[in-house]
Each structure stands twice: as C-alpha cells, then as structure tokens.
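# Results of the structural survey
If you want the building blocks of each chain, they are given just below.
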Amino acid sequence: AQLAKSPSPEPVVSFGGVLNSGGHIHGGAVKLLHLRDGLPTDERNFNILYLVSSAQPAFADDLVRHCKRAGIRFVWNQNGVAFPGWAGPESERHNGPMRRLREQADFVVYQSAFCRESAEEFLGPSRVPSATLVNPVRLDRFRPADPPSGGGPLRLLTLGTHGYAERVLSAIRCVRVLRDMGTAATLTIAGKLEWPGGPDDVAAEIRACGLSDAVRVLPPFSQDEAVRLYQGHQILLHPKYLDPCPTVVIEALSCGLPVIGSASGGMPELVPPGAGILTPAPLVWDRMITPSAEEQAAAVQTIAGDLPAFSRAARAHAEAHFDAQQWTNQHRTILQGLLS
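First things first, this report covers the structure right here in the doc. (Residues numbered from 1 in each chain as written. Predicted model: local features only at pLDDT ≥ 70, side-chain atom pairs only at ≥ 80, totals over all residues. Heavy atoms only, no water.)

A few words on the pattern of salt bridges. This model, assessed by the stated rule, comprises 17 salt bridges. E166 is paired through a salt bridge with R173; the nearest N and O atoms lie 2.2 Å apart. In this structure, the salt-bridge partner of E319 is R315, at a minimum N-O distance of 3.0 Å. Pair noted here: E319 and R315 are both in helix α12 (residues 307–321), with a separation of 4 residues, about one helical turn. Its relative accessible area of 44% is what places E319 among the partly exposed residues. For R315, a relative accessible area of 15% puts it in the buried group. Salt bridges sharing partners connect three or more residues here, namely K68, R73 and D106. (Salt bridge = Lys/Arg side-chain N within 4 Å of Asp/Glu carboxyl O. Helix = DSSP H or I, 4+ residues; strand = E, 2+ residues; numbered from the N terminus. Buried < 20%, exposed > 50% of the residue type's maximum accessible area, 1.4 Å probe, protein only.)

Quick look at the structure:
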C-alpha cells in the first residue's frame, strides 16, 4: 500500500499492519490493541510508526527506511532479547534485526527494567531517548469472577506461548506432587506448545504422572477466551525463566489470580509479596533455570492457605500499576513530544 505522512499535528499511529493479519491477536501484539483503541490510527497516512520487538511486521527494515525518508517518527517497543540459554547459536539471528531497528528509533519504550538491562547486554548501549512502561491491561475487562467460584480441587492454570518444555512439564509434575501430599488440584494448559514435539511431550508427561483426569490441554485462545480462563481458575503457574514482561501474569493478577513463578527477568517488577510467590533464581544467560515441581507445589499450598487475601492483593496491585488508560496517556505524552 502507498504510505504517506499524515499532516495532523496530533499523533496518528501505524503498527506496520500487525493487527490486520487475521486470527487471534496474541503475544507482543496484544498491547497494541490499547493504543489502537485510545489513539487515532491509520495504516496508510500516519506520522508515528510504532513497532514491537516481539511482534515485528514482515519487511520491518524496509518499512522503517520508508518512514524515515518521509519524516515519520519511529517508536520502538523493546521486549526481551535472545540469549544462549534458550536460543543457543540462533541468538544473533533474533538479536540482529532488533539491534538495527532500535538504533533507528526516535524513542524506545522498554517493557520493564529487565528489558532495558538485557537489551544493553545483548544489543549494546543505546543513546536513544527512552522510558520504561510496564505492559497494561483493561481492568474493566480482566477482572475477578463475580461471584468467585469455590469448592472442589484447586484449579491451577498455565497459559501463553510456551517456548520450552520444562516450564510446562514442571507444572504437570507440580499437580502430581500436590496430589501425593493430599492436596486435590487440577491444571489447565492453554496456548501453543512451541518446542519441537511439544504436544507429544506433554501427553507423555500427563500419562507418566497418571493425571489424565486432572490435566487438560487447550489450543491458542482469543482475548475473550483468556478472560474466561482466568476467571475459571484460582492460581497461575508461570515458571518461565527470565520472562521479560509477561502479559499473562498482568492479566492473571487483574483477574485476582495469585502468581507462582521464577524471581527472574521482569517477574519481580510485576508480582509483589502477597500477590504471589516467586522462587529465587540467579541471573545466568547460558541455561534455563525453572522452579521445580516441589517448589511450585509448596507455593501452591502456601497460597491456598489464604487464597482470598492473595487474590485481593493481586487485584489491588493490578489496579495500582497496570491500568491501560494510564499507559495510553503516557504514550500520548511521548508521541506528542516527538511531533513537537
């Protein structure tokens, strides 16, 4: 399509077409829905190009070059980077395009302090003006079930794009440990199992643990389906190592689900004491360190002992820190400053 610079003195934003691809909007693109709903957008006539590192459009380099020639301002939203522990020798294949695009940005938004730290480590230092804005959520949409459902086994949830096996397999084993300790629990696994052989590995682990009656596996989900998933469960298991700024954690807290995970990456910035339990972990880049099934099970039992208080704290923290309207207003101020 023919692109042109909008003459508007106010921000008119393009997302490089990533919201027009059809199917479920997930992962890094979800946050763009808030900007789309709160700011004028136009994919052909715009004065701000806004791209997210974890949801890049095809031919992003060509698009940025065109926009720079046309005098269109470019904002880069930096999520995590590739590191040897999960990407191995493919790390630079992921990091190279991010490095090039970040260097051309007029402004960089980092999704967490950890996102900034890891970008400095693997993409190099940056002199581009920047801000740290943690991912948002629509608090009126992602909210606790009313009334909260209770009774029966504990309902555990792990969801998102699952990039490596242990984060899912350890959650399955957690249910086995809980049952062996006399705590009734079920687990729902939702989202894409991205590692090679993922569905087979998960099915085999469920059989090996004797949990065919307690674990269900669901495919990728829409935003509407995500709300129902959170509201139908009580605790989120998110044991991913070095997760930069997981939206699923923010959404879960907003729905009153305490979070169990790793005290690594951006997680300590998102989950305060009282709203969940994070297992201590060192910062290393050459391997993945996932909380064990036993550590997760112990955390589940602690939270289950005072679940209403943990749930209230989770929602209160979300209300104080993750409001989408505030996030959009902060962006409006940044974009207006670029245009002036």
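Counting residues in each nonpolar core, the largest one holds 31 residues, and the members touching the most others are L156, I172, L187, V202 and V300. For this core, the secondary structure elements donating two or more residues are β8 (154–159), α6 (165–180), β9 (185–190), α7 (198–208), β11 (235–238), α11 (293–304) and α12. Among the elements that make up this core, the one with the highest residue count is α6 (8 residues). If you look at the next biggest cluster of nonpolar residues, it comprises 30 residues, including L3, L101, Y164 and W285. (Core = buried A, V, L, I, M, F, W, Y, C linked by side-chain atoms within 4.5 Å.)

Moving on to the sheet that holds β11. The strand order across the open sheet formed by 6 strands is β10-β9-β8-β11-β12-β13, and the pairing between neighbours is parallel. Here the strands that pair on one side only, and so sit at the sheet edges, are β10 (215–218) and β13 (276–280). Recorded for the sheet is a direction-independent mean angle of 25° between the axes of neighbouring strands. Where β9 meets β10, 4 bridges bridge the pair, whose relative direction is parallel. Opposite L187, over in β10, you have V215 as the bridge partner. Across the sheet, α6 is in contact with β8, β9 and β11; its angle to β9 comes to roughly 170°. Seen against the sheet, helix α9 (residues 247–254) touches β8, β11 and β12 (259–263) and runs at an angle of roughly 165° to β11. (Pairing = 2+ DSSP bridges. Axes fitted to C-alpha atoms, helices over the stretch in contact; angles between N-to-C directions. Contact = heavy atoms within 4.5 Å.)

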